[in-house]
Amino acid sequence: MMGRACLRALVLTGVVLHPASARAQSATDLATTTRGPATQLTPQPGSAGLPTPIDPASCSKSDGDWAERALIRSQVPQLGLPPMPHPDDNPPTAAKIELGRKLFFDRRLSINKTMSCAMCHVPEQAFTTWKLQSAVGVEGRSVKRNSPTLLNVGFLNPLFHDGRDETLETQFIAPLVARNEMANPSAGWVVSFLNRDSTYHARFQGAFGAPASLDRMGQALAAYQRSLLAGNAPFDRWHYGGEADALSPAQKRGFELFTGKADCAGCHPIGDDHALFTDQAFHDTGYGFLREEMRQNPPETTRVQLAPGVFVDVDFDRVASVSSKREADLGRYEITEDPADRWKFRTPGLRNVAMTGPYMHDGGFNTLREVLDFYNEGGPGHPEQSPLVYPLGLSDAELGDLEAFLESLTSPNLNCLAAEARSQPPDNH
Amino acid sequence: MKRREFGGMAVSALALTAMPFSVSADETCQSPYMPMITGHEEYVYIWTLGVEGMGDEQDKMVTVDLRPNSDTRGQVINSVSVGGRNEAHHAGFNSDRRYLWAGGLDTNRIFIFDVHSDPSKPSLHKTIDSFVKDSGGCVGPHTFFALPGRMMITGLSNDEDHGGRTALVEYNDDGEYVATYWMPTADDMQGAVAADGAVADGYGYDVRALIRKNIMLTSSFTGWSNYMMDFGQMLGDAEAMKRFGGTMVQWDLHTRQPKKVFSVPGAPLEVRFPWGPNANYAFSTTALTSKLWLIYEDDAGEWQAKAVADIGNPADIPLPVDISLAADDQTLWINSFMDGTTRLFDVSDPHNPKQIYEKKIASQVNMVSQSWDGERVYYTSSLLGNWDKKGADDAQYLKAYKWNGSELVDDFEIDFYEAQLGRAHLMRFGSAALYS
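A quick note: this is a predicted structure, and the numbers were derived from the prediction, not measured.

Parameters and conventions
Residues numbered from 1 in each chain as written. Chains lettered and ligands numbered in written order. Predicted model: local features only at pLDDT ≥ 70, side-chain atom pairs only at ≥ 80, totals over all residues. Helix = DSSP H or I, 4+ residues; strand = E, 2+ residues; numbered from the N terminus. Rg over C-alpha atoms; globule rule 2.2 N^0.38 Å. Buried ≥ 20, exposed ≤ 12 C-beta atoms within 10 Å, placed from the backbone. Contact = placed C-beta atoms within 7 Å. Pairing = 2+ DSSP bridges. Axes fitted to C-alpha atoms, helices over the stretch in contact; angles between N-to-C directions. UniProt positions renumbered as here; feature names shortened; annotations may be inferred. Parallel < 35°, antiparallel > 145°, perpendicular 65-115°, else oblique. Nonpolar A, V, L, I, M, F, W, Y, C, P; charged D, E, K, R; others polar. pLDDT = per-residue confidence, 0-100. Left-handed = near helix turned anticlockwise from the far one by under 90°.

(A) The overall build of chain B, seen in detail. When you go through chain B residue by residue, the secondary structure sums to five helices and 31 strands. At 20 Å, chain B has a C-alpha radius of gyration in line with the 22 Å of a compact globule built from 436 residues. Overall, chain B is about 60 × 50 × 45 Å in size when its C-alpha atoms are taken along their principal axes. Split into buried and exposed, the 436 residues of chain B put 62% on the buried side. For chain B, restricting intrachain contacts to residue pairs at least 6 apart in sequence, the fraction spanning at least 24 positions comes to 52%.

Here is the structure:
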């Protein structure tokens with residue numbers, strides 16, 4: 001066990017409080033839903049706060065059949081992305097994509113009709129949620145993991161932070177019946193509902209020529225999610241497209257650090273003709289161990305924001321009086337039960353990372369700089385920690401360049417993906 | 001204002017409502033459009049959250065007998081379960097006080113209870129389960145404020161991201177949807193102006209009206225993700241803690257148009273207008289910053305907002321929750337959840353409130369309701385299902401006291417866990433005299 005003082009020192013290096021003004025914060029927050037005038041989709045370089053909201057209304061491609069556009073997108077590689085690997089038994093069609101979108105946003109597909117996939121994977125928040133470190137499910141039940149972005153999820157194998165599933169065709173079953181997510185009594189119960197609903201009956205017939213089934217539900221959801229592709233970022237235009245001015249000097253310096261001194265590319269590789277920025281492997285970076293230490297040895301106080309710019313340090317006992325016991329998170333071990341897999345988590349892709357905070361498997365870091373600080377420190381250094389994580393000795397300026405590089409990975413079409421997602425309102429009963 | 005002045009005001013209110021009731025006793029924080037109860041309150045209806053593993057696990061409307069000479073006074077005499085755990089929260093009578101509308105903040109279901117056919121035994125008259133669809137995406141029906149023939153309902157969230165942007169939703173007394181009024185935001189002020197640089201956040205919580213000034217006020221709390229999640233988890237989630245309302249909005253009552261947005265940081269919750277004929281102000285309290293706020297009309301006829309007192313030690317986050325303004329407008333009960341304490345403020349000078357009494361009710365306390373004469377004060381315990389204290393501190397109760405002018409004297413209490421009922425939340429008084 002790590003000493004408490006040592007632990008606290010490490011934690012403090014990762015905690016950056018943002019003296020954001022009330023006005024800036026409120027304005028950011030309120031613009032994260034679609035009910036409001038257009039807002040530009042522009043990441044704020046160097047911003048220590050939240051990204052600029054993604055506004056579906058700013059997408060100019062509002063005419064025509066969005067599902068046809070999505071189908072083409074899932075079949076034609078974007079700059080910087082590899083071809084999407086579609087399973088042989090589930091080729092994409094516009095009808096499947098359209099059905100998958102409807103299923104994705106249907107709040108009726110939970111036991112009390114309050115949760116859909118989209119309540120934790122919000123289109124205007126890059127198909128994750130910026131508003132919570134870790135997710136909240138049916139009846140407010142706690143989920144110990146951060147909602148991962150679904151942008152480019154079709155390239156991931158395995159899925160989930162702990163890799164518990166390997167294909168999108170089957171992945172959806174876990175949240176559908178998990179007691180702390182959508183809490184359906186069974187997958188079959190959901191299928192029965194779909195077959196009783198006349199609209200779904202027609203949609204399944206149109207997409208598959210057959211009624212709803214668990215397999216077809218998975219195929220439709222997978223087809224939709226494989227259309228959530230976002231490449232063509234400034235980095236892609238610079239690195240793969242030959243646009244010399246697509247990156248700023250700071251971003252170019254950040255790239256050199258990313259692939260050099262900082263050695264980020266060791267786990268977030270960049271290929272010759274495309275880059276997913278993940279090795280799809282599991283690593284013990286020390287972060288999971290650190291969080292378990294914090295769970296077992298909580299800090300004496302918790303800094304709580306009461307209002308913009310107003311903070312207090314609340315004694316642990318007071319926080320504990322209103323806290324349920326938080327579960328341990330052993331990462332990949334929970335799937336394999338191999339002690340060697342304790343605290344290992346799948347390497348996340350970094351595309352659009354500036355738009356997908358909070359970060360890490362439990363959302364414990366709110367900003368990219370906190371993440372960079374953690375890796376620059378080299379992790380807690382416990383015996384099982386991966387040798388790939390070690391003190392980097394990066395200066396503040398170098399950390400700033402790395403952050404600037406990460407911001408160059410934001411794609412220009414997130415607003416249009418959100419617009420497609422909002423082509424119809426969520427289904428409610 | 002003195003109590004004797006209030007008598008005239010009550011009569012005026014009754015005349016306005018044109019209802020065949022002749023009394024002057026009621027809880028003090030109801031819609032002025034509804035009739036008053038004759039004499040002593042006879043029943044208290046308690047909207048109660050079901051708890052997994054306890055009793056029938058469902059939300060329920062619990063009726064407790066308050067009749068002075070009843071053999072069952074201070075006892076549960078009826079309970080109507082509604083199915084499921086809906087995050088039972090607030091409830092309000094319609095304008096003729098024959099029906100009690102009760103909402104579920106989680107499932108968005110609205111349960112309309114018939115309280116006039118047998119006031120000792122409410123029955124479920126109708127369930128609205130299409131609130132989100134009707135309203136175009138509003139989530140979390142909270143306050144039910146009676147307007148003539150209509151029910152104005154505040155939302156807390158929305159169906160797009162379960163954040164705090166939300167709306168006012170209007171139904172008629174038959175339970176039919178009428179209209180949705182989205183809260184103004186900085187991006188879409190809908191004609192409202194921002195006072196002193198306030199940034200409209202679009203959040204909602206409570207609604208109250210001052211009819212003679214044609215003013216409606218709304219306050220702001222937080223979205224589904226926060227009010228449904230574990231309280232301790234939320235306190236440790238820096239992103240979640242950024243998502244609390246910090247505004248109040250002045251509306252034109254008749255046109256339902258927002259007029260002015262005030263900056264009231266720290267989640268302003270309950271809104272209470274006084275009854276006095278010249279009392280042009282309202283109180284609210286901020287849950288997180290623990291302050292008492294005054295929203296008032298200034299000498300120039302402009303409405304303003306300012307903090308006028310601390311509630312406990314704000315650094316300890318007492319978490320002020322429900323408030324109850326006496327019918328004579330002279331005193332204000334303020335409960336704070338975290339320290340389980342009720343405080344009485346002298347608000348005879350609304351610009352300079354002074355705390356004059358405090359008492360710890362239990363390990364936690366939420367709602368407070370007082371009789372119209374102020375002599376009986378009732379407390380319940382639950383704030384939100386996942387915000388209530390854990391373990392032994394999770395006391396769930398109805399506690400009744402008598403206020404003798406200087407202290408609260410124990411009357412009776414019911415342990416809602418021992419009775420296998422659940423978490424006791426909102427109270428509303430009933431009486432057969434209303435319908436005789």
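(B) Representation of the overall build of chain A in the model. Summing up its helical and strand segments, chain A has 17 helices and four strands in all. For chain A, the proportion of its 429 residues judged to be buried stands at 51%. For chain A, the share of sequence-separated contacts (at least 6 apart) that also reach a separation of at least 24 residues comes to 68%.

(C) Structural view of the pairing of strand β30 (residues 408-415) of chain B. Residue and element names in this part refer to chain B. Here strand β29 (residues 397-403) runs beside β30; their pairing, made up of seven bridges, is antiparallel. Among the inter-strand pairings, Ala400 is bridged to a residue of β30, identified as Phe412. Here β29 hands over to β30 after four residues, with Gly405 in that stretch at a positive phi of 100 degrees.

(D) Geometry of the sheet that holds strand β23 (residues 320-325) of chain B. All names here are of chain B. Here four strands make up an open sheet; going across it, the order is β23-β24-β25-β26 and the pairing antiparallel. Only two strands of the sheet have a single neighbouring strand rather than two, namely β23 and β26 (354-360). Within the sheet, the average angular offset between the axes of one strand and its neighbour, ignoring direction, is 20 degrees. Across six bridges, strand β24 (residues 331-336) lies against strand β25 (residues 341-346) in antiparallel orientation. Across the sheet, Leu332 pairs through a bridge with Phe345, a residue of β25.

(E) Main features of the UniProt feature "domain: Cytochrome c" (unreviewed entry) in chain A. Here, the residues flagged by UniProt with the feature "domain: Cytochrome c" (unreviewed entry) are residues 249-410 of chain A. Across residues 249-410 of chain A one finds 33% helix and 10% strand; the C-alpha atoms that close the span lie 17 Å apart.

(F) Looking closely at the packing of helix α11 (residues 249-259) of chain A against helix α16 (residues 396-407) of chain A. Residue and element names in this part refer to chain A. Interaxial distance between α11 and α16 falls to 7 Å at its minimum, and their mutual angle equals 100 degrees. Of the possible angle classes, the one that applies to α11 and α16 is roughly perpendicular. The residues of α16 that touch α11, namely those facing Ala250, Gln251, Arg253, Gly254, Phe255, Leu257 and Phe258, are Glu398, Gly400, Asp401, Leu402, Ala404 and Phe405.

(G) Representation of the sheet that holds strand β10 (residues 150-154) of chain B. Residue and element names in this part refer to chain B. With respect to topology, four strands assemble into an open sheet ordered β9-β10-β12-β13, the strand pairing being antiparallel. If you trace the sheet from one side to the other, it starts and ends with β9 (144-147) and β13 (177-182), each paired once. Averaged over neighbouring strand pairs, the angle between their axes works out to 20 degrees when direction is ignored. Pairing analysis gives five bridges linking strand β12 (residues 167-172) to β13, with the strands arranged antiparallel. Counterpart to Leu168 in the pairing with β13 is Tyr181.

(H) Representation of unusual backbone geometry in the model. All names here are of chain A. Between Asn157 and the following residue, Pro158, the backbone shows a cis peptide bond with an omega angle of 5 degrees. Locating Pro158 in the fold gives a position in the loop between α4 (94-104) and α5 (168-171). A cis geometry characterises the amide bond from Gly357 onward to Pro358, with omega recorded as -5 degrees. Mapped onto the elements, Pro358 comes out in the loop between β4 (345-346) and α15 (368-377). Although it is not a glycine, Phe160 sits at a positive phi angle of roughly 70 degrees. Position of Phe160 relative to the elements: it lies in the loop between α4 and α5. Taking the number of C-beta atoms within 10 Å as the measure of exposure, Phe160 has 19 and is therefore partly exposed. You will see that Ala183, though not glycine, has its phi angle at about 60 degrees, which is positive. Locating Ala183 in the fold gives a position in the loop between α6 (173-177) and α7 (187-196).

(I) Main features of the environment of Phe204(A). Note that Phe204(A) resides in helix α8 (residues 198-208). Expressed as a C-alpha distance, the spacing of Phe204(A) and Ser147(A), which sit 57 residues apart in the sequence, is 28 Å.

(J) How the structure looks around the interface of chain A and chain B. With 52 residues of chain A at the interface, the matching set in chain B holds 55 residues. Ranked by residues supplied to the side of chain A that touches chain B, first place goes to helix α2 (residues 22-30) of chain A with seven residues. Across the side of chain A that touches chain B, the residue classes tally to 23 nonpolar, 20 polar and nine charged.

(K) Structural context of α15(A). Residue and element names in this part refer to chain A. Of all the 10 residues making up α15, seven are buried; the element is thus mostly covered by neighbouring parts of the structure. Buried residues of α15: Leu368, Arg369, Val371, Leu372, Phe374, Tyr375 and Asn376, and no others. Just downstream of α15 lies Gly378, where phi reads positive at about 90 degrees.

(L) Inspection of the confidence of the model for chain A at higher detail. Averaged over all residues, the pLDDT of chain A is 89; the fraction at 70 or higher stands at 88%. Scored below 50 in pLDDT, residues 1-48 of chain A makes 119 contacts in the model with residues more than four places away or belonging to other chains.

(M) Spotlight on the pairing of β10(B). All names here are of chain B. Of all five residues making up β10, four are buried, and the element is well covered by its neighbours. Sheet topology note: the β9/β10 ladder contains four bridges and is antiparallel. Across the sheet, the residue bridging to Leu147 is Arg150, located in β10. Taken together, the five bridges between β10 and β12 define a ladder with antiparallel strand orientation. Its bridge partner being in β12, Arg150 is matched across the sheet by Asn172.

(N) Main features of helix α17 (residues 414-421) of chain A. All names here are of chain A. Of all eight residues in α17, eight are buried, a share of seventy percent or more. Those residues of α17 that sit buried are Leu414, Asn415, Cys416, Leu417, Ala418, Ala419, Glu420 and Ala421. In this structure, the buried side of α17 is in contact with α3 (66-75) and α4.

(O) The arrangement of the environment of Gly74(B) in detail. Residue and element names in this part refer to chain B. Residue position: Gly74 is located in the loop between β2 (60-65) and β3 (76-81). For Gly74, a count of 15 C-beta atoms within 10 Å puts it in the partly exposed group. When the C-alpha positions of Gly74 and Ile414 are compared, they lie 7.5 Å apart, and in sequence the two are 340 residues distant. Residue contacts for Gly74: discarding those within four places in its chain leaves Asp65, Ala400 and Phe412.

(P) Broad picture of the environment of Tyr45(B). Residues and elements named next belong to chain B. When you line up the elements, Tyr45 lands in strand β1 (residues 43-49). Given 24 C-beta atoms within a 10 Å radius, Tyr45 is considered buried. When the C-alpha positions of Tyr45 and Leu426 are compared, they lie 8.0 Å apart, and in sequence the two are 381 residues distant. Setting aside residues no more than four positions away along its own chain, Tyr45 makes contact with Met61, Thr63, Leu100, Val115, Pro122, Arg428 and Gly430.

(Q) Focus on the packing of α15(A) against α16(A). Residue and element names in this part refer to chain A. Orientation of α15 relative to α16, taken along the N-to-C sense of each, is 130 degrees, at an axis distance of 10 Å. Taken together, the axes of α15 and α16 are oblique relative to one another. Here α15 and α16 pass one another in a crossing that is right-handed. Seen from α15, the contacting residues are Leu368, Arg369, Leu372 and Asn376; seen from α16, they are Leu399, Leu402, Glu403 and Leu406. Of the residues that constitute the contact of α15 with α16, the class distribution is five nonpolar, one polar and two charged.

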